[in-house]
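Survey of secondary and tertiary structure
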Amino acid sequence: MAYDRNNVFARILRGEIPCKKVYEDEHVLAFHDINPQTPTHILAIPKGEYASADDFSQKASDAEIAAMMRALGRIAREQGVAETGYRILANTGPAAHQEVAHFHIHLFGGRDLGGMLPRR
Ligand code: AMP
């Protein structure tokens, strides 16, 4: 998937669209999802131009990858869901219905999240 610099998260990173920021460091920005699916629903994105988890896993530096995982753990603790439990999820490509073509990890929590996937 080629990177489109006009995707909504690229625009948030450039400050062209507002977000409700919860965390930022050199490599990562995290903010509330605009359409929360759970009481806590945060999106963590790399500041680099990566279209998907596949792209990020191939091209990101070790520092960027480590920063993402460190940030997610810290955000979960700060949001108060580390004790009760939470889920992190990255929709990747068409089969997973990825809507925004800038790699992002959802962090869901604040209620019982049920089973991982609906049975078909
Ligand atoms: P995905 O289907 O994994 O690509 O999820 C994209 C997510 O981005 C959805 O949960 C949307 O609600 C969320 N989203 C889209 N636009 C914005 C925005 N401007 N600010 C925050 N979240 C957004």
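Before going into details, it helps to say that this report is about the structure given with it. (Residues numbered from 1 in each chain as written. Predicted model: local features only at pLDDT ≥ 70, side-chain atom pairs only at ≥ 80, totals over all residues. Heavy atoms only, no water.)

Details of the environment of Thr84
Mapped onto the secondary structure, Thr84 falls in the loop between α3 (62–78) and β4 (86–89). Look at Thr84 and you get exposed, because its relative accessible area is 66%. Distance in space between the C-alpha atoms of Thr84 and Asp112 is 8.8 Å, their sequence separation being 28 residues. Within polar-contact distance, the side chain of Thr84 engages the backbone oxygen of Val81 at 3.4 Å. (Helix = DSSP H or I, 4+ residues; strand = E, 2+ residues; numbered from the N terminus. Buried < 20%, exposed > 50% of the residue type's maximum accessible area, 1.4 Å probe, protein only. Polar contact = N/O pair within 3.5 Å; in protein donor to acceptor, adjacent residues only side chain to side chain.)

Regarding the sheet that holds strand β5 (residues 105–109)
One open sheet holds the five strands; their spatial order is β1-β2-β3-β5-β4, and the pairing between them is antiparallel. In the strand order of this sheet, the two ends are held by β1 (21–24) and β4, each with one partner. Adjacent strand axes in the sheet meet at a mean angle of 20°, parallel and antiparallel pairs treated alike. Where strand β3 (residues 40–46) and β5 come together, five bridges link them in antiparallel fashion. (Pairing = 2+ DSSP bridges. Axes fitted to C-alpha atoms, helices over the stretch in contact; angles between N-to-C directions.)

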